[in-house]
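If you want the building blocks of each chain, they are given just below.
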Amino acid sequence: YGAAAVILLLIASTISYWWGERQLQNQFADILVEAPLGAKTKLILPDSTLVWLNAGSKIVYSQGFGVKDRHLRLNGEAYFEVRKNEKLPFDVMTKELNVKVLGTSFCINTFGDNGKVYTALESGVVEMDCGRENTLILAPGQVAELDVRRPGACVRMSEVSVEQLVAWKKGLFCFRQTSLPDILKQVARYYDVHFMNLEDAEGEAYTGDISRNVSLEVLLGAISAQTTDIQFKIVNRTVYITKKRD
């Protein structure tokens, strides 16, 4: 009887511990961190992972992050320096793709300004799941793109400057023969403005680095000076695109 009592006590203790742990996990609330328009946000997650959020981006993770798992959801653009933990893989989930890492530096952009979202790897190794059993393993300096108009279609690109892609961390707009519509979409998000007649900017491209600390007027003036026939007029929070007069 004594042995049976001890066994029952152990079983009861195990059940109580399991139930208490389950209840504790269920009580974890989600934490939302958002970078407002016009600013970037830097934060350190509970597992010591460093995260930079670009303007207009947000992540959501549980208060239990780093205890039982390291899952988070991303909407927008972020750069991660992940603290290595082989027992708890680091998972970034987005609407279009999922990325799994152990310890590495990489960025994800899900804004889809040009119809594509991407993951770019700076160091380490990441696994990118694009859905439909389409998975890519990235090496440093590679970018995997997903065409949101064709779900499941991944494209691997090598020898990409990740530093250029994450220049926003240093407070820069960095463009390399970037189409003007794609540039203006970034500008609109950062300065919280709306562009009219965006179709008039088709066919134009721009190369250059511009500080994000300059005024909208200065930035648009620099772009206009380098393009062939585009000019801008700012009225409150709306920017009108017009053709230059001969």
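Just so it is clear, the structure is predicted and the values come from calculations on it, not from any experiment. (Residues numbered from 1 in each chain as written. Predicted model: local features only at pLDDT ≥ 70, side-chain atom pairs only at ≥ 80, totals over all residues. Heavy atoms only, no water.)

Colleague: Whenever I open this one, the environment of Arg-237 confuses me. Can you help?
Modeller: Mapped onto the secondary structure, Arg-237 falls in the loop between β18 (230–235) and β19 (238–243). Classification of Arg-237 as partly exposed rests on a relative accessible area of 48%. For the pair Arg-237 and His-194, spaced 43 residues apart in the sequence, the C-alpha separation amounts to 6.4 Å. When sequence neighbours within four positions are dropped, the list of residues in contact with Arg-237 reads Tyr-191, Asp-192, Val-193 and His-194. Side-chain polar atoms of Arg-237 contact the backbone oxygen of Tyr-191, separated by 2.7 Å. (Helix = DSSP H or I, 4+ residues; strand = E, 2+ residues; numbered from the N terminus. Buried < 20%, exposed > 50% of the residue type's maximum accessible area, 1.4 Å probe, protein only. Contact = heavy atoms within 4.5 Å. Polar contact = N/O pair within 3.5 Å; in protein donor to acceptor, adjacent residues only side chain to side chain.)

Colleague: Which parts of the structure should I look at to understand the sheet that holds strand β8 (residues 98–101)?
Modeller: In a beta sheet, neighbouring strands are held together by backbone hydrogen bonds and run either parallel or antiparallel to one another. Taken together, 7 strands build an open sheet; the order of strands is β1-β4-β5-β7-β8-β11-β12 and the sheet is mixed. A strand with exactly one partner marks an edge of an open sheet, and here the two such strands are β1 (30–34) and β12 (135–138). Across the sheet, the axes of successive neighbouring strands diverge by a mean angle of 20 degrees, strand direction being ignored. Here β8 runs beside strand β11 (residues 126–129); their pairing, made up of 4 bridges, is antiparallel. (Pairing = 2+ DSSP bridges. Axes fitted to C-alpha atoms, helices over the stretch in contact; angles between N-to-C directions.)

Colleague: Help me out: how do you make sense of helix α4 (residues 216–226) in this one?
Modeller: Three- or four-residue spacings in an α-helix give side chains the same orientation, since the helix completes a turn every 3.6 residues. Turning to α4, its buried residues are Leu-216, Leu-219, Leu-220, Ile-223 and Ser-224. For α4, the angular spread of the buried residues around the axis is 130 degrees, confining them to a single face. In α4, those exposed residues whose orientation departs by more than 90 degrees from the buried face are Ala-225 and Gln-226. In the core, the buried residues of α4 are packed alongside β15 (172–179), α3 (180–191), β16 (194–196), β17 (205–211), β18 and β19. (Arc of directions from axis to C-beta.)

Colleague: Help me out: how do you make sense of the side chain of Glu-145 in this one?
Modeller: Here Glu-145 shows up in strand β13 (residues 143–147). Among the polar contacts listed, one links the side chain of Glu-145 to the side chain of Lys-116, at a separation of 3.5 Å.

Colleague: Sorry, what's going on with α3 here?
Modeller: In this model α3 runs 16 Å from its N-terminal to its C-terminal C-alpha over 12 residues, within 8% of the 16 Å that 1.5 Å per residue would give. With 10 of 12 residues buried, α3 lies mostly within the body of the structure. Burial in α3 covers these residues: Leu-180, Pro-181, Asp-182, Ile-183, Leu-184, Val-187, Ala-188, Arg-189, Tyr-190 and Tyr-191. Contact partners of the buried residues in α3: β15, β16, β17, α4, β18 and β19. With its phi angle positive at about 55 degrees, Asp-192 sits one or two positions after the end of α3. (Expected span 1.5 Å × (residues − 1).)

Colleague: Before we go on, may I ask you to explain the pattern of salt bridges in this structure?
Modeller: Between side chains of opposite charge, a pair can form when the charged atoms approach closely. If you walk through the whole model with that rule in mind, you get 6 salt bridges. For Lys-84, the salt bridge is made with Glu-86, and the minimal N-O distance between the two is 3.8 Å. One exposure class covers both Lys-84 and Glu-86, and it is exposed. Ionic pairing is found between Lys-116 and Glu-145, a salt bridge with its closest N-O pair at 3.5 Å. Placement of Lys-116 in strand β10 (residues 116–123) and of Glu-145 in strand β13 is noted, with a sequence separation of 29 residues between them. (Salt bridge = Lys/Arg side-chain N within 4 Å of Asp/Glu carboxyl O.)

Colleague: What's the story with the environment of Leu-121 in this structure? I'm lost.
Modeller: Turning to its location among the elements, Leu-121 is positioned in strand β10. Using a relative accessible area of 0% as the deciding quantity, one classes Leu-121 as buried. Setting aside its immediate chain neighbours within four residues, Leu-121 contacts Thr-104, Ser-105, Phe-106, Val-126, Leu-138, Ala-139, Pro-140, Gly-141, Gln-142 and Val-162.

Colleague: Looking at this structure, I do not really get the nonpolar core. What am I missing?
Modeller: General note: in soluble globular proteins, nonpolar side chains tend to be found buried as a group. Judged by nonpolar contacts, the single largest core of 30 residues is most densely connected at Leu-45, Leu-53, Ile-59, Leu-72, Phe-80, Phe-90 and Phe-106. With residues near it in sequence (within four places) discarded, Phe-80 still touches Leu-50, Val-51, Leu-72, Phe-90, Val-92, Thr-104, Ser-105 and Phe-106. (Core = buried A, V, L, I, M, F, W, Y, C linked by side-chain atoms within 4.5 Å.)

Colleague: Where do I start with the sheet that holds β16 in this structure?
Modeller: Taking strand neighbours across the sheet as the criterion, the 3 strands line up as β16-β19-β18 in an open arrangement whose pairing is mixed. Two strands bound the open sheet, and with one partner strand each, they are β16 and β18. Neighbour to neighbour, the strand axes of the sheet diverge by 30 degrees on average, direction disregarded. Pairing of β16 with β19 involves 3 bridges; the strand directions are parallel. Considered in β19, the bridge of Met-196 is made with Tyr-240. Packing of α3 onto the sheet brings it into contact with β16, β18 and β19, and relative to β16 it is tilted by some 145 degrees. Its contacts with the sheet place α4 against β16, β18 and β19, and it is angled at close to 165 degrees to β18.

Colleague: I'm lost on the side chain of Thr-110 in this one. Help?
Modeller: Within the fold, Thr-110 resides in the loop between β9 (105–109) and β10. Not counting residues up to four positions away in its chain, the partners in contact with Thr-110 are Asn-75, Gly-76, Thr-94, Glu-96 and Val-117.

Geometric values such as these leave the question of function open.
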